[in-house]
Amino acid sequence: MTFRVLDPTAGEPPATGQRAPRLDTLQGKTVGLISNGKEGTKSFFAHLETMLREEYGVANVVSRTKSNYSAPADPHIVAEIGQWDAVISGIGD
Amino acid sequence: MQLASKIYQAESIGDVQELYHANGWTDGLPIVPPTEDAVRACLDWAMMPPDQLIGIEPVRGLAITAEKLAINTVMAGCLPMHFPVVITAWTAMMQDEFLMHGATASTGGCAVLVVLNGPIRLEIGASGTFNALGNSDRATATIGRAIRLCLINLMDVRPGVIDRSTLGHPGKFSYCIAEDEEDSSWKTLAEQRGIERAASAVTVMAAGAPRQIMNEWTTRPEEILETFAAEMRANLRHYSIHPGNYAIVIPKQLREHLQAANWSKTDIAEFIHQRARIHRREWAEVGKGAVVRDRGDSVYPAMDSADQLLVIAAGGPAGGFGAVIPPWLGNKSHAVTLPIGACVDCEPPKK
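What counts as what
- Residues numbered from 1 in each chain as written.
- Chains lettered and ligands numbered in written order.
- Predicted model: local features only at pLDDT ≥ 70, side-chain atom pairs only at ≥ 80, totals over all residues.
- Helix = DSSP H or I, 4+ residues; strand = E, 2+ residues; numbered from the N terminus.
- Rg over C-alpha atoms; globule rule 2.2 N^0.38 Å.
- Buried ≥ 20, exposed ≤ 12 C-beta atoms within 10 Å, placed from the backbone.
- Contact = placed C-beta atoms within 7 Å.
- Nonpolar A, V, L, I, M, F, W, Y, C, P; charged D, E, K, R; others polar.
- Pairing = 2+ DSSP bridges.
- Core = buried A, V, L, I, M, F, W, Y, C linked by C-beta atoms within 7 Å.
- Domains from an automatic or database assignment.
- Axes fitted to C-alpha atoms, helices over the stretch in contact; angles between N-to-C directions.

Further remarks concern the overall build of chain B. From N to C terminus, chain B includes 11 helices and 13 strands. Taking 2.2 N^0.38 as the reference for a compact globule, 351 residues should give roughly 20 Å; the C-alpha atoms of chain B span a radius of gyration of 21 Å, in line with that estimate. The C-alpha extent of chain B, read off along each of the three principal axes, is 60 × 45 × 40 Å. Classification of the 351 residues of chain B by burial places 49% in the buried group. Considering only residue pairs separated by 6 or more positions, chain B has 81% of its internal contacts joining residues 24 or more positions apart.

Each helix and strand in chain A was counted, giving two helices and four strands. Start at the N end of chain A and walk to the C end: the helices and strands fall as β-β-α-β-α-β. For chain A, the C-alpha radius of gyration of 19 Å lies well beyond 12 Å, the compact-globule estimate for 93 residues. If you line up chain A on its principal axes, its C-alpha atoms span 70 × 30 × 25 Å. Evaluated residue by residue, chain A yields a buried proportion of 13% over its 93 residues. When contacts within chain A are restricted to residue pairs at least 6 apart in sequence, long-range pairs at least 24 apart make up 74% of them.

Tallying the contact residues gives 30 residues for chain B and 17 residues for chain A. For the side of chain B that touches chain A, the secondary structure elements donating two or more residues are β1 (7-10), α2 (36-46), α3 (66-75) and α7 (138-155) of chain B. A per-class count over the side of chain B that touches chain A returns 15 nonpolar, nine polar and six charged. Where strand β1 (residues 3-6) of chain A and β1 of chain B come together, four bridges link them in antiparallel fashion. Looking across to β1 of chain B, one finds that Leu6 of chain A is bridged to Ile7 of chain B.

All names here are of chain B. Core analysis: the largest hydrophobic core is formed by 111 residues, its most contacted members being Val86, Leu113, Val114, Val204, Ile248 and Ile312. At 10 residues, the largest contribution of residues to this core is made by α7. Composition of this core by domain shows at least three residues from each of domain 1 (9-208 + 333-344) and domain 2 (209-326). Aside from chain neighbours lying at most four places away, what touches Val114 is Ala89, Ile143, Gly144, Ile147, Tyr175, Cys176, Val202 and Val204.

Residues and elements named next belong to chain B. On domain assignment, one finds that chain B holds domain 1 (9-208 + 333-344) and domain 2 (209-326). Using C-alpha coordinates to define each centre, domain 1 is positioned 27 Å away from domain 2. At the interface, 28 residues of domain 1 touch 21 residues of domain 2. Taken together, the residues that form the side of domain 1 that touches domain 2 break down as 13 nonpolar, 11 polar and four charged.

Residues and elements named next belong to chain B. Taken in spatial order, the four strands make up an open sheet running β7-β12-β8-β11, and their pairing is mixed. Sheet topology places β7 (211-214) and β11 (309-313) at the edges, where each strand pairs with a single neighbour. Each strand axis lies, on average, 20° off the axis of its neighbour in the sheet, ignoring direction. Pairing analysis gives four bridges linking β7 to strand β12 (residues 321-325), with the strands arranged antiparallel. Across the sheet, Gln212 pairs through a bridge with Ala323, a residue of β12.

A few words now on the sheet that holds strand β3 (residues 60-65) of chain A. Residues and elements named next belong to chain A. Read from one edge to the other, the open sheet built from three strands follows the order β3-β2-β4, with strand pairing classed as parallel. At either margin of the open sheet sits one strand with a lone partner, and together these are β3 and β4 (86-90). Taken pair by pair, the neighbouring strands of this sheet meet at an average axis angle of 20°, ignoring direction. The pairing of strand β2 (residues 30-35) with β3 spans six bridges and is parallel. Across the sheet, residue Thr30 finds its bridge partner in β3, namely Asn60. In this fold helix α1 (residues 39-56) packs onto β2, β3 and β4, with an angle of close to 170° to the strand it touches most, β2.

Turning our eyes to something else, we now look at the environment of Thr26 of chain B. Residue and element names in this part refer to chain B. Along the polypeptide, Thr26 turns up in the loop between α1 (13-22) and α2. Taking the C-beta count within 10 Å as the criterion, Thr26 has 20 such neighbours and is therefore assigned buried. For the pair Thr26 and Asn72, spaced 46 residues apart in the sequence, the C-alpha separation amounts to 9.3 Å. If we ignore the near neighbours within four places in the chain, the residues touching Thr26 are Tyr20, His21 and Ile31.

Take a look at the structure:
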């Protein structure tokens, strides 16, 4: 007996945008850090900021923390991203 | 109207199972083959065309259609008459306040608790008595499973993909109960939450595993409820201090003592709201002294207000047991109750 059965998946999610062009250098740039705010992010992002400034010559590091670590970044944080040259988003537990 | 989903051919029932397991389309258990006829029977029952948009998943913008929900509903073992419950539960889960993405992706590992109220329980044979939180009946077993299969296949809520649960719990296979409305003088859960008793309704809650309590040694409401409150205090100490929707399940034996004393669900919720709270300093007693800091005297209630407690009448007739079902993580997700069949823009299916 042959069964004809259906694909249960929703398929590909809609495109949410394009990645910005890659930077040639971080020297003199502004980098934003978006943390989910969990305890484990604090020392990680603090160290990352030091590395970005001292080893890569980043001029400005802007640190932002989501108000709810289980939800997308707050609209005011997303609105700020356009002012940065690069953004690093990470979660920690 | 044609179904839009890709069709696969398999030569045997065994091949069907391997196809779905190999693609990661199951929860690890065998599935019922979702044939076109079976899927159409669900859609016809709900009077929905396949492309009926049930909603847009709020975080990634995924379109959830009736056809895809129906395929997963068939796979779970549901009958067509169960499909409106799955649709309503998913509509509720897509409300912003439920925070579906966070609740289903979190390391916290909660499941979606589905509570059924109203006449549909009797129509589909959903039982709120023996083994209410276990394998009580076909309807609740398969509806709860359908919720999970839809999450797996429509949102990639697979372990290690979107589902980042550290532990999870058995309710992630199926977590659906019906309230025992026939054997209770209380308002139903849906009534407490603003739905008329004559309507059928679904409540969804991002829920941890049930914590069973027992108190067979009193008939006094205050003492019975103190045991429930103590279990909630334990959750505040051992799991999370954040307030939110808790549910308690009260089977018949304890329910009768409360009803004989004329305690309503509102009375119960108000009592427990006063009793289910701890001081932050108590965390030092359970190994969490590092986060007490200078706020030891602060008081943390399990709920922000009494109406955050979902009081559910369910369970077998004998045994002085009850259950506390804690929230995933406080107020990050709120329980949502919706009536079944409240669709205002449905069209009959086009043959």
